[in-house]
Amino acid sequence: MTGFPHSYRVRLRSMTLMAVILLSLAGISAAYELSIYAPMNVQRGMPLVVNGTSNLPAGISVDIVLYRSEYVTEEIGRETVTLQGPKEFTVVFDTQDLTKGQYKVEVPGIQGYAFLGNSTTIRVIQIIDRTDELTIKSSRTQEMDGTLELKGIIPGLRNAGVQVQVIGPENEVVFGPEFIATLYDGSFSKEIRIDTPGTYEVSFTDNKGYIGTFPFVVTPKYEPTTVPTTPEPRITAVTATAHSSYDRPAYFTVTGAQGKVKISTSAGIDWVIEYPDAQGVILKVNNKGQIDPEEVTIDSGGTTIYLKVYPYRFSDEGDVTIFAEGAERIGVATEIPPVFAATATPTPKSDLPVFLALLALLALGMKKVFR
């Protein structure tokens, strides 16, 4: 180059240096490219699949971030992949809980590496929500009876059909995908056979695409619990029967009682019951009439109970049966119990007709005397 002028040689060196720099930059660009691919529109509830390719060195970790991108940018989710072999990758974002609107998927910068050349690190996505086009009319919580009832209305699908698919609690396909006819107003109805309670995901699709997925909760059939009850012990009554009149009362002994004993008489005659208390005082019970049995509850104190039973009216007599609940035995006393010895012959009660007859006889006798 000695034959060229100095200014030409200087210019040639500058051009060579520039070419080396450009070639170096081109090498860098070719060495580190990364591009991601995602659909422009995704129905809410459908998976957002992001694919990517890169020529970054194997073992490099790459973050793929999903942002809500409208008035403000808000990170929604982040997935990290480590590049391997062919350096292709795929990540999936769940859109079930997203609202409709504009989002973006982006690969943030990686320290020490520059994305040059034809790299694409941002994709704008619209989440489309069509669930407001469908109204579920059947209950979203149902009791297990062997069928899942689906009722709804899609006003925009009059006299057409909607594709339905049901996924069961174990992620198994229970029904469909199958088209269900819609009526003149867009309503539809279908009963799906099911075998177990749990949460069922029901998805709907029409000729425009995916509409949405609705969960139905099937609860176990209510079975009333039978609480075992302990029957109250039946207290059996021991009985004894004896003939009784006003001047010849019946006497009974009640034994084997440890607490209170319920004493009652047979009906048909107005009976009087007498018994001694703990101090030996004779108590008399006559609260009922001829139709109802006489009743009394006596605290035995663990000792024998003595009873004296006779009719209230002097002219009545007959068999009386004594029932004793809470005692082991009741018997008819063959002799007058000592406690009743002082009252063996009850004091007659005033009877007005008898009194008048005696008074008349007395008056007649006095009349004859005065004559």
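Residues numbered from 1 in each chain as written. Predicted model: local features only at pLDDT ≥ 70, side-chain atom pairs only at ≥ 80, totals over all residues. Heavy atoms only, no water.

A count of helical and extended segments in the protein gives 2 helices and 25 strands. Within the protein, contacts between residues at least 6 apart in sequence are counted, and of these 67% link residues at least 24 apart. Total accessible area on the protein stands at roughly 23,000 Å², and carbon and sulfur atoms take up 55% of it. (Helix = DSSP H or I, 4+ residues; strand = E, 2+ residues; numbered from the N terminus. Contact = heavy atoms within 4.5 Å. Areas by Shrake-Rupley, 256 points an atom, 1.4 Å probe, with all protein chains shown as cover.)

In terms of nonpolar packing, the biggest core is built from 24 residues, with Phe252, Val254, Ile263 and Leu307 touching the most fellow members. Where this core is concerned, the elements lending two or more residues are strand E17 (237-245), strand E18 (250-255), strand E19 (260-265), strand E20 (271-276), strand E22 (295-299), strand E23 (305-311) and strand E24 (317-325). Discounting chain neighbours no more than four positions away, the residues touching Leu307 are Ala250, Tyr251, Phe252, Val254, Ile263, Ile273, Glu274, Tyr275, Ile298, Ile322 and Phe340. (Core = buried A, V, L, I, M, F, W, Y, C linked by side-chain atoms within 4.5 Å. Buried < 20%, exposed > 50% of the residue type's maximum accessible area, 1.4 Å probe, protein only.)

Further remarks concern the confidence of the model for the protein. Mean pLDDT for the protein: 83, with 82% of residues reaching 70 or above. Here residues 22-30 is a poorly scored stretch, pLDDT under 50, and it has 4 contacts once near neighbours within four places are set aside; other chains count. Of the regions scoring below 50 in pLDDT, residues 346-352 engages in 8 contacts with residues more than four places distant in sequence or in other chains. (pLDDT = per-residue confidence, 0-100.)

Looking now at the sheet that holds strand E11 (residues 147-153). Strands in a sheet are paired, the pairing made by backbone hydrogen bonds, and the direction either parallel or antiparallel. What the 3 strands build is an open sheet, ordered E9-E11-E14; its pairing is antiparallel. Single-partner strands in this sheet number two, and they are strand E9 (135-136) and strand E14 (187-193). With 2 bridges joining them, E9 and E11 adopt antiparallel strand pairing. Note that in E11 the partner of Ile136 across the bridge is Gly152. (Pairing = 2+ DSSP bridges.)

Taken as a whole and judged by the stated rule, the model has 5 aromatic pairs. Ring plane angle 70 degrees and centroid distance 5.8 Å describe the contact between Phe204 and Phe214, whose orientation is recorded as edge-to-face. Of the two residues, Phe204 sits in strand E15 (residues 198-206) while Phe214 sits in strand E16 (residues 209-219), which places them 10 residues apart along the sequence. The buried category is assigned to Phe204, whose relative accessible area is 1%. (Phe/Tyr/Trp six-rings, centres within 6.5 Å; stacked < 30°, edge-to-face > 60°.)

With that settled, consider the pattern of salt bridges. A side chain with one charge may pair with a side chain of the opposite charge, provided their charged atoms come close. Counting across every chain of the model gives 11 salt bridges. With a shortest N-O distance of 3.2 Å, Asp63 and Arg78 are connected by a salt bridge. Taken as a pair, Asp63 in strand E4 (residues 61-69) and Arg78 in strand E5 (residues 73-82) lie far apart in primary sequence, 15 residues in all. The exposure class assigned to Arg78 is partly exposed, which follows from its relative accessible area of 40%. Between Arg329 and Glu328 there is a salt bridge, with its nearest N and O atoms 3.2 Å apart. Judged by its relative accessible area of 48%, Arg329 is partly exposed. Residue class for Glu328 comes out exposed when judged on its relative accessible area of 51%. (Salt bridge = Lys/Arg side-chain N within 4 Å of Asp/Glu carboxyl O.)

With that out of the way, let us pick up unusual backbone geometry. If a residue is not glycine, its phi is most likely negative; likewise, a peptide bond is most likely trans. The omega torsion across Gly176 and Pro177 is 5 degrees, close enough to zero to call that bond cis. A positive phi angle, near 50 degrees, is found at Asn159, a position not held by glycine. As for its position among the elements, Asn159 is in the loop between E11 and strand E12 (161-167). According to the relative accessible area criterion, Asn159 is exposed, its value standing at 59%.

Here the focus is the environment of Phe188. Its location among the elements puts Phe188 in strand E14. Accessibility expressed as a relative area gives 6% for Phe188, which makes it buried. Taking the C-alpha atoms as reference, Phe188 lies 9.5 Å from Lys137; in sequence the two are 51 residues apart.

This next bit is on the side chain of Gln142. Take Gln142: it is sitting in strand E10 (residues 141-143). Setting aside residues no more than four positions away along its own chain, Gln142 makes contact with Thr147, Leu148, Glu149, Phe216, Val217, Val218 and Thr219.

A word on the pairing of strand E3 (residues 48-54). Going residue by residue along E3, you find Leu48, Val50, Gly52 and Ser54 tucked away on one face and Val49, Asn51 and Thr53 left uncovered on the opposite face. In this sheet, E3 lies alongside strand E1 (residues 34-37) in antiparallel orientation, the contact comprising 4 bridges. Bridging from a neighbouring strand, Ser35 pairs with Thr53 of E3. By the bridge criterion, 6 bridges tie E3 to strand E6 (residues 88-93) in an arrangement that is antiparallel. Across the sheet, residue Thr53 finds its bridge partner in E6, namely Glu88.

For the rest of this paragraph, the subject is the layout of surface pockets. Approximately 220 Å³ is the volume attributed to the largest pocket. Lining the largest pocket are 13 residues, and of these Pro276, Asp277, Ala278, Ser300 and Thr303 lie nearest its centre. Contributing elements (two or more residues each) for the lining of the largest pocket: E20, E22 and E23. Considered class by class, the residues forming the lining of the largest pocket number 6 nonpolar, 5 polar and 2 charged. (1 Å grid on protein atoms, 1.4 Å probe; cavity = no way out; pocket = protein on both sides within 12 Å on 5 of 7 lines; lining within 4 Å. Points joined across faces, edges and corners; volume = space filled by probe spheres on them. Nonpolar A, V, L, I, M, F, W, Y, C, P; charged D, E, K, R; others polar.)

Glancing now at the sheet that holds strand E8 (residues 122-128). Ordered by their spatial adjacency, 5 strands build an open sheet running E2-E8-E7-E4-E5, and the pairing between neighbours is mixed. Edge positions in the sheet fall to strand E2 (41-43) and E5, since each has one partner strand and no second. Strand-to-strand twist across the sheet, computed as the mean angle between neighbouring axes with direction ignored, equals 25 degrees. (Axes fitted to C-alpha atoms, helices over the stretch in contact; angles between N-to-C directions.)

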